[in-house]
Amino acid sequence: MLPAGRPGAARATPSGIRDDVVSDQLADRLAERTAMARYRMWRRIGWTALALAVTAGLVWVTFFSPLLALDPEQVQVSGQGTTVDVEQVREAATDEAGVPLPRIDTVGLREEILAMNAVKDVEITRAWPDGLTVRLTSREPVAAVPQPGDVYALMDAEGVRVGTVEDVPDRLPSIVVSLTDDEAGRRAMNAALEVLGALPRKLAGHVQTVSAATQDDVRTTLSDGRVIRWGSGAQVELKIKVAQTLLRAEPSARTIDVSSPALPVTR
């Protein structure tokens, strides 16, 4: 039996447990907590590394792999009408062949297509996984305007030139008055184009020629010889309704004047 107070002797705690046992238990708990903290740290590192690897993989698949690369065969173009060169549009789109869809600059491509002749508007959407859909709004000619050199400029309802031809296309009216290049001439032509652009398809199909000596004297000659005097392009929708009614109600009238739609005149 060791004498009381001898160095190295284990002492009992108030609860009767020796202090060397308590120290061992505390050390075990500390080691367990340290191991658990180390495990959690490595687990976080592992999950972070996995997340980074997955993100890197997704970035590669999305932006660099051939899985989402544009296939020229999957470029769909619609809405070209009668004036837009669809092959030119398709060529611009297929220049991006092989480029992953997320990397295709659809804004720049849209600007390039809008700069093409007769394209009024265009909408471009990605058709996953490897295609593009190009929806065009074309500028359709409403009249052929005589030009120097015995050719005709095809003009749309907004006065934009969409093409040049040697002969007036079938079912397209020609503006027979030689309009000058001054401001008055431009206003007259714009008024004529405004009227033509507003005509319903059936009535427009019967228009053979258009004259517009001034912006307030637009006239159309139908294929049966009847003349409709529209005046200016103001109230054109109302004028069209009145003219259609008079064309049906008075088939023998050779001239229908709707320049004042509230007081139309026939003769």
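Residues numbered from 1 in each chain as written. Predicted model: local features only at pLDDT ≥ 70, side-chain atom pairs only at ≥ 80, totals over all residues. Heavy atoms only, no water.

Bringing the pairing of strand E8 (residues 207-212) into the picture now. Two elements, strand E7 (residues 174-175) and E8, share two bridges in a ladder whose sense is parallel. Bridging from a neighbouring strand, Ser174 pairs with Thr209 of E8. (Pairing = 2+ DSSP bridges. Helix = DSSP H or I, 4+ residues; strand = E, 2+ residues; numbered from the N terminus.)

As a further point, take the sheet that holds strand E1 (residues 75-78). Pairing in this open sheet of three strands is mixed, and the strands run E1-E3-E2 from one edge to the other. This sheet does not close on itself; its edge strands, each paired only once, are E1 and strand E2 (119-127). Across this sheet, the average inter-strand angle for adjacent strands is 15°, counted without regard to direction. Pairing of E2 with strand E3 (residues 131-138), which is carried by eight bridges, proceeds in the antiparallel orientation. Paired with Asp121 across the bridge in E3 is Thr137. Sitting on the sheet, helix H2 (residues 86-94) is in contact with E1 and E3, with an inclination near 150° to E1. Docked against the sheet, helix H3 (residues 106-114) engages E2 and E3, running at close to 150° with respect to E2. (Axes fitted to C-alpha atoms, helices over the stretch in contact; angles between N-to-C directions. Contact = heavy atoms within 4.5 Å.)

Before going further, it helps to spend a moment on H2. Turning to H2, its buried residues number three or more, namely Val86, Val89, Ala92 and Ala93. One side of H2 holds all its buried residues, which, seen down the axis, span an arc of 125°. Of the surrounding elements, those touching the buried residues of H2 are E1, H3 and E3. By the N-cap criterion, in which a side-chain oxygen at the helix start approaches the backbone nitrogen of a residue two or three places on, H2 is capped by Asp85, the distance to Glu87 being 3.2 Å. (Buried < 20%, exposed > 50% of the residue type's maximum accessible area, 1.4 Å probe, protein only. Arc of directions from axis to C-beta. Polar contact = N/O pair within 3.5 Å; in protein donor to acceptor, adjacent residues only side chain to side chain.)

Moving on, we come to the environment of Glu158. Note on placement: Glu158 falls in the loop between strand E5 (151-155) and strand E6 (161-165). When its relative accessible area of 47% is taken as the criterion, Glu158 is described as partly exposed. In the structure, Glu158 is positioned 16 residues away from Val142 in sequence and 9.5 Å away in space, judged by C-alpha atoms. When neighbours within four sequence positions are excluded, Glu158 is seen to be in contact with Lys120 and Arg139. A polar contact of 3.3 Å, which involves the side chain of Glu158, links it to the side chain of Lys120. There is a polar contact of 2.9 Å between the side chain of Glu158 and the side chain of Arg139.

Time to look at the nonpolar core. In summary, soluble globular proteins display a tendency toward joint burial of nonpolar side chains. Residues Ile175, Val218, Trp230 and Val258 are the most contacted members of the largest nonpolar core, which totals 30 residues. Within the residue set of this core, elements represented by two or more residues are strand E4 (143-147), E5, helix H4 (183-198), E8, strand E9 (218-222), strand E10 (227-231) and helix H6 (236-249). Of all the elements, H4 adds the most residues to this core, at seven residues. Val258 has contacts with Ile228, Arg229, Trp230, Lys239, Val242, Ala243, Leu246 and Pro264, leaving out every residue within four places of it along the chain. Counting residues in hydrophobic clusters, the runner-up holds 24 residues, among them Val89, Ala92, Ala93 and Met116. (Core = buried A, V, L, I, M, F, W, Y, C linked by side-chain atoms within 4.5 Å.)

Let us look at a nonpolar patch on the surface. Nonpolar side chains collect at one region of the surface, where Met41, Trp42 and Ile45 lie side by side and expose about 310 Å² of accessible area between them. Within the fold, Met41 resides in helix H1 (residues 19-63). A relative accessible area of 36% places Met41 in the partly exposed class. (Patch = residues over 30% accessible without salt bridge, like charges linked within 9 Å, V, L, I, M, F, W, Y side chains within 5 Å. Areas by Shrake-Rupley, 256 points an atom, 1.4 Å probe, with all protein chains shown as cover. Salt bridge = Lys/Arg side-chain N within 4 Å of Asp/Glu carboxyl O.)

The terminal C-alpha atoms of H6 lie 20 Å apart, and with 14 residues this matches the ideal 20 Å at 1.5 Å per residue to within 8%. Close packing links the buried residues of H6 with H4, helix H5 (201-204), E9, E10, strand E11 (255-257) and strand E12 (265-266). (Expected span 1.5 Å × (residues − 1).)

In this section: a negative patch on the surface. Together, Asp85, Glu87, Glu91, Asp95 and Glu112 make up a negatively charged patch on the protein surface. Mapped onto the fold, Glu112 is located in helix H3. You can call Glu112 partly exposed: its relative accessible area is 42%. (Lys, Arg positive; Asp, Glu negative; His and termini not counted. Charge placed at Lys NZ, Arg CZ, Asp CG, Glu CD.)

Turning to its location among the elements, Thr220 is positioned in strand E9. Reaching out from Thr220, the side chain makes a polar contact with the side chain of Trp230 at a distance of 2.9 Å. When residues no more than four places from it in sequence are discounted, the contact partners of Thr220 are Leu196, Val207, Thr209, Val210, Arg226, Val227, Ile228 and Trp230.

Of all residues in the protein, 86% attain a pLDDT of 70 or more, and the chain-wide mean is 86. Per-residue pLDDT, averaged within each element of the protein, yields its smallest value for H1 (74) and its largest for E11 (98). Here residues 1-6 scores under 50 on pLDDT; set against residues more than four positions off or in separate chains, the count is one contact. (pLDDT = per-residue confidence, 0-100.)

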